[in-house]
Structure formats: structure tokens, C-alpha cells
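Chain residues, written in single-letter form:
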Amino acid sequence: MNFLKKFLFSFFYKTSPYSQAGQDLFALELFGKKGTYIDIGAGHPKKGSNSYLLEAFNDWKGFSIEFSKKNKNLWDNSKTRKNKIYWEDAINFDYSKAIAENNLSKEVDFLSCDIDPTSKTFLTLKKVINDGVRPRYIAFETDEYNSTVNYSELTKLFLEPYGYVVGIKNVYSNFKKNKIFETWFVKNSLNYNLTEYSNWIKKK
């Protein structure tokens, strides 16, 4: 979506200057300033980032993980991205160790889980949970629009025993309702009522 169109949409819908579908805005709604995050599949330090708005403007602490070093120079020279980024394989990453290194609680506020393909995203989420990390909000990329596997349901079944429910369902990209690509899960303790993404993005 071009800047002008996004600007016009912002009068009626919740739009982030950075994230693809408002993942960062939902984190701010739930937790406000000074939260904590883990951003898996961080990509560019700013464009399309689910954690840039949180770190740069809302004093969130956390860390990012990215396997490809394509944008490493941009991260290294960023004046606003001061939280640590690990250039490692997210599936085999030691999340318990990183939590300790960054002085975070295992109950981080926000986990963004987005690597390709979705089968690896699912394995990565399992590794996070098996390492004892319990994010209160998880944005999980399902790529439902081009997948033959229902990763939203698989992830729901996996997370349920750990006290998670679907918070926002049928999340689509850049106002393209036929491009459902994520499900957002929340801890039961947040008492958040299940909401369709198309309803959540509308400004009240």
C-alpha cells in the first residue's frame, strides 16, 4: 500500500507506519509503553518491522533474531535500534539464555514469530515454548492465503495446554481481505475477547 493510500485509510482504520497489519499497535493497546518483546524474523530494522515502533518510540526492551544478514549493515548503523539482534537460526536458538542475557522475564509481553516457510515458524514457536518462554501476546504468521496446511488451527491446538486462546483471527495484509496471513494469540489471563481482524482495525 502506498503512503498516500495508507494515510487516507488511517482516518478510519488503525494503521501502523511500520508493521504490516498493526501487530505493534495491538501490543501497545494491551501493554502500553515500556513493554518487552522478542521479534523472530526481524528483517529490515524499520520497514515492515513489528518491533520498531515499540523500541524507537515507546521504550520497549527486547531482542530480535534474523538468519539472513542482508540487512545487517542497516541494523549496525541504526541510531534507533539499540536492543540486541542475534544473527542466528531461530529454530535452534537458546531462548532461555537470551532472556537472561537481556534481563527479561520469560513472560515477555509480545512475541512476533515470522520466518519462511510457515513450517519453520511453527517449529520455532515450539522451541520458544519448550524453552519455557511464555509471551502474553503472540503474532504468528500462518500464510493461510497460500498454504494447504491450517497452521492457525495447528498452533491453536499446540498453545491451548499452555493457557493461550485466539485473540484476533483472520488477520490480513495491507487491507487485502483475501490475504489472510496471521493469527494473534493471547494468554487467558488477559481476558481478551475473540475479535475478527476486520472489526479490530476499525477506529471506534
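Going by the structure above, here's the rest.
Residues numbered from 1 in each chain as written. Predicted model: local features only at pLDDT ≥ 70, side-chain atom pairs only at ≥ 80, totals over all residues. Heavy atoms only, no water.

It is worth spelling out the overall build of the protein chain at this point. A count of helical and extended segments in the protein chain gives eight helices and eight strands. Against the globule reference of 17 Å for 204 residues, the protein chain gives a C-alpha radius of gyration of 16 Å, in line with a compact fold. Along the first, second and third principal axes, the C-alpha set of the protein chain runs to 40 × 40 × 30 Å. Counting across all 204 residues of the protein chain, residues that qualify as buried make up 50%. Summarising the internal contacts of the protein chain: among those between residues at least 6 apart in sequence, 72% fall at separations of at least 24. Of the roughly 10300 Å² that the protein chain leaves accessible, carbon and sulfur atoms contribute 51%. Where the 31 positive side-chain charges of the protein chain centre and where its 23 negative ones centre are 6 Å apart. (Helix = DSSP H or I, 4+ residues; strand = E, 2+ residues; numbered from the N terminus. Rg over C-alpha atoms; globule rule 2.2 N^0.38 Å. Buried < 20%, exposed > 50% of the residue type's maximum accessible area, 1.4 Å probe, protein only. Contact = heavy atoms within 4.5 Å. Areas by Shrake-Rupley, 256 points an atom, 1.4 Å probe, with all protein chains shown as cover. Lys, Arg positive; Asp, Glu negative; His and termini not counted. Charge placed at Lys NZ, Arg CZ, Asp CG, Glu CD.)

Moving on: the packing of helix H6 (residues 118–130) against helix H7 (residues 151–159). Orientation of H6 relative to H7, taken along the N-to-C sense of each, is 10°, at an axis distance of 11 Å. One way to sum up the angle between H6 and H7 is to call them roughly parallel. Packed against H6, whose contacting residues are Thr-118, Ser-119, Phe-122, Leu-125, Lys-126 and Ile-129, the element H7 presents Tyr-151, Leu-154, Thr-155, Phe-158 and Leu-159 at the interface. (Axes fitted to C-alpha atoms, helices over the stretch in contact; angles between N-to-C directions. Parallel < 35°, antiparallel > 145°, perpendicular 65-115°, else oblique.)

Turning our attention to the environment of Leu-53. Within the secondary structure, Leu-53 sits in helix H3 (residues 52–58). A relative accessible area of 12% means that Leu-53 is categorised as buried. Taking C-alpha positions, Leu-53 is 9.4 Å from Leu-28, a pair spaced 25 residues apart along the chain. Not counting residues within four places of it along the chain, the set of residues in contact with Leu-53 comprises Ser-16, Tyr-18, Asp-24, Leu-25, Leu-28 and Asn-58.

You can see Phe-9 is positioned in helix H1 (residues 3–9). What makes Phe-9 partly exposed here is its relative accessible area of 24%. A C-alpha to C-alpha distance of 9.9 Å links Phe-9 and Lys-202, two positions 193 residues apart in sequence.

So, about the pairing of strand E2 (residues 61–65). Along E2, four of the five residues are buried, which leaves the element largely enclosed by surrounding structure. Bridge analysis of strand E1 (residues 36–40) against E2 gives five bridges, and the strand direction is parallel. Following the sheet pairing, Ile-40 is matched in E2 by Ile-65. Once the chain exits E1 it traverses H3 before rejoining the sheet at E2, and the crossover so formed is right-handed. Bridge count for E2 against strand E3 (residues 84–86) is three bridges, and the pairing is parallel. Pairing of Phe-63 across the sheet is with Lys-84, part of E3. (Pairing = 2+ DSSP bridges. Right-handed = clockwise from strand over helix to strand, strands pointing away.)

On the surface, Glu-88, Asp-89, Asp-94 and Glu-101 cluster together to form a negatively charged patch. Assignment of secondary structure puts Glu-101 in helix H5 (residues 95–101). (Patch = residues over 30% accessible without salt bridge, like charges linked within 9 Å, V, L, I, M, F, W, Y side chains within 5 Å. Salt bridge = Lys/Arg side-chain N within 4 Å of Asp/Glu carboxyl O.)

Let us now look at the packing of aromatic side chains. According to the stated counting rule, one finds 23 aromatic pairs in the structure shown. Both rings, one in Phe-158 and one in Tyr-162, keep their centres 5.6 Å apart while their planes meet at 50°; by these two values the pair is tilted. Assessed through its relative accessible area of 29%, Tyr-162 is described here as partly exposed. Aromatic ring contacts, followed pair by pair, group Phe-26, Phe-110, Tyr-137, Tyr-172, Trp-184, Tyr-192, Tyr-197 and Trp-200 into a single cluster. (Phe/Tyr/Trp six-rings, centres within 6.5 Å; stacked < 30°, edge-to-face > 60°.)

On to the sheet that holds strand E8 (residues 195–196). If you trace the eight strands from one edge of the open sheet to the other, you get E3-E2-E1-E4-E5-E7-E6-E8, paired in mixed fashion. Looking at strand neighbours, the two that pair on one side only are E3 and E8, the edges of this open sheet. Sheet analysis places strand E6 (residues 164–173) next to strand E7 (residues 176–187), joined by seven bridges and oriented antiparallel. Each residue of the ladder has a partner; that of Val-171, found in E7, is Glu-182. Along the sheet, H6 contacts E1, strand E4 (110–113), strand E5 (137–141) and E6; its crossing angle with E5, the most-contacted strand, is approximately 155°.

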